[in-house]
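Report on the structure
Here is how the chains run, residue by residue.
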Amino acid sequence: MTAYGYVRVSSTDQNEDRQMLALGEKSIPRENIYMDKQSGKDFHRPRYRALTRRLRRGDVLYVLSIDRLGRNYEEIQQQWRYLTKEIGIDIVVLDMPLLDTRQGKDLMGTFIADLVLQILSFVAQSERENIKKRQAEGIAAAKARGVRFGRPERQIPDNFPQLVREWERKHITLSQLLSQCEGLSEATFYRRLLEVRAERER
């Protein structure tokens, strides 16, 4: 039997120390702890996939909480069955003692663990959907107040149409034109070029 740990944080900005500390208290070797820094919306994660390839029947997988395993209700259920039934490992969810497949392997114990798993998986997905809904509502409200998202539009000089004309006549190069527009990118230039030409045709 070999002990493994799995850690997931939603992005490179989040700190994994709490999860690593909890797994370290179980004396899991550092090389047996796999970590992904990405969303839990699905299980297409490189380190998680590497972990499942290494797991063997009788091994034990530790995670701090069920939402570290994932946030999609159906996929958590599928992965739980795959890990415990097909591979044949045990799973220990540290902050939920009822989710320890090493305990209560009789019919009642299995039923209770499955029931708790379903409830927690549902709660994890519901919270994720509520967060997305609140974010969408917040963005919509901000836009209604006139808040603009994304990079601020780069200003172009007043003589941009004249510079475009010079460039079209090959009197200046594109690099020379961009240098006079305070670092305007090529992508932005070509977008503004279309605007200038559309303005001419009016």
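Residues numbered from 1 in each chain as written. Predicted model: local features only at pLDDT ≥ 70, side-chain atom pairs only at ≥ 80, totals over all residues. Heavy atoms only, no water.

**Some words on the packing of helix H6 (residues 160-168) against helix H8 (residues 186-200)**
Two elements in contact, H6 and H8, have axes whose closest approach is 10 Å; the angle formed by their N-to-C orientations is 100°. With respect to H8, the axis of H6 lies roughly perpendicular. From H6, Phe 160, Pro 161, Val 164, Arg 165, Trp 167 and Glu 168 reach across to H8, where they touch Phe 189, Tyr 190, Arg 192, Leu 193, Val 196, Arg 197 and Arg 200. Classifying every residue of the contact of H6 with H8 by side-chain character gives 8 nonpolar, no polar and 5 charged. (Axes fitted to C-alpha atoms, helices over the stretch in contact; angles between N-to-C directions. Helix = DSSP H or I, 4+ residues; strand = E, 2+ residues; numbered from the N terminus. Parallel < 35°, antiparallel > 145°, perpendicular 65-115°, else oblique. Contact = heavy atoms within 4.5 Å. Nonpolar A, V, L, I, M, F, W, Y, C, P; charged D, E, K, R; others polar.)

**Observations regarding the nonpolar core**
Of all hydrophobic cores here, the largest spans 22 residues; its most connected members are Tyr 6, Leu 51, Leu 55, Leu 61, Trp 80, Leu 83 and Ile 89. The dominant element in this core, judged by the number of residues it contributes, is helix H4 (residues 73-87), at 4 residues. Sequence-distant contacts of Leu 55, defined by excluding residues within four places in its chain, comprise Tyr 4, Leu 83, Ile 87 and Ile 89. Formed by 13 residues, the second largest nonpolar core is a distinct cluster that contains Leu 174, Leu 178, Leu 184 and Phe 189. (Core = buried A, V, L, I, M, F, W, Y, C linked by side-chain atoms within 4.5 Å. Buried < 20%, exposed > 50% of the residue type's maximum accessible area, 1.4 Å probe, protein only.)

**Considerations on the pattern of salt bridges**
Under the defined criterion, the tally for this structure stands at 4 salt bridges. A salt bridge links Arg 102 to Asp 100, with the shortest nitrogen-to-oxygen separation between them at 2.9 Å. With a relative accessible area of 10%, Asp 100 lands in the buried category. Among the salt bridges present, the one from Glu 168 reaches Arg 197, with a minimum N-O distance of 3.0 Å. A residue pair is termed long-range when its members are at least 10 positions apart, and Glu 168 in helix H6 and Arg 197 in helix H8 qualify at 29 residues. (Salt bridge = Lys/Arg side-chain N within 4 Å of Asp/Glu carboxyl O.)

**Some points on the packing of aromatic side chains**
Enumeration according to the criterion identifies 5 aromatic pairs in this entry. Ring plane angle 85° and centroid distance 5.1 Å describe the contact between Trp 167 and Phe 189, whose orientation is recorded as edge-to-face. With a gap of 22 residues between them, Trp 167 in helix H6 and Phe 189 in helix H8 connect regions that are remote in the sequence. Residue class for Phe 189 comes out buried when judged on its relative accessible area of 0%. Aromatic rings pair up to connect Phe 160, Trp 167, Phe 189 and Tyr 190 into one cluster. (Phe/Tyr/Trp six-rings, centres within 6.5 Å; stacked < 30°, edge-to-face > 60°.)

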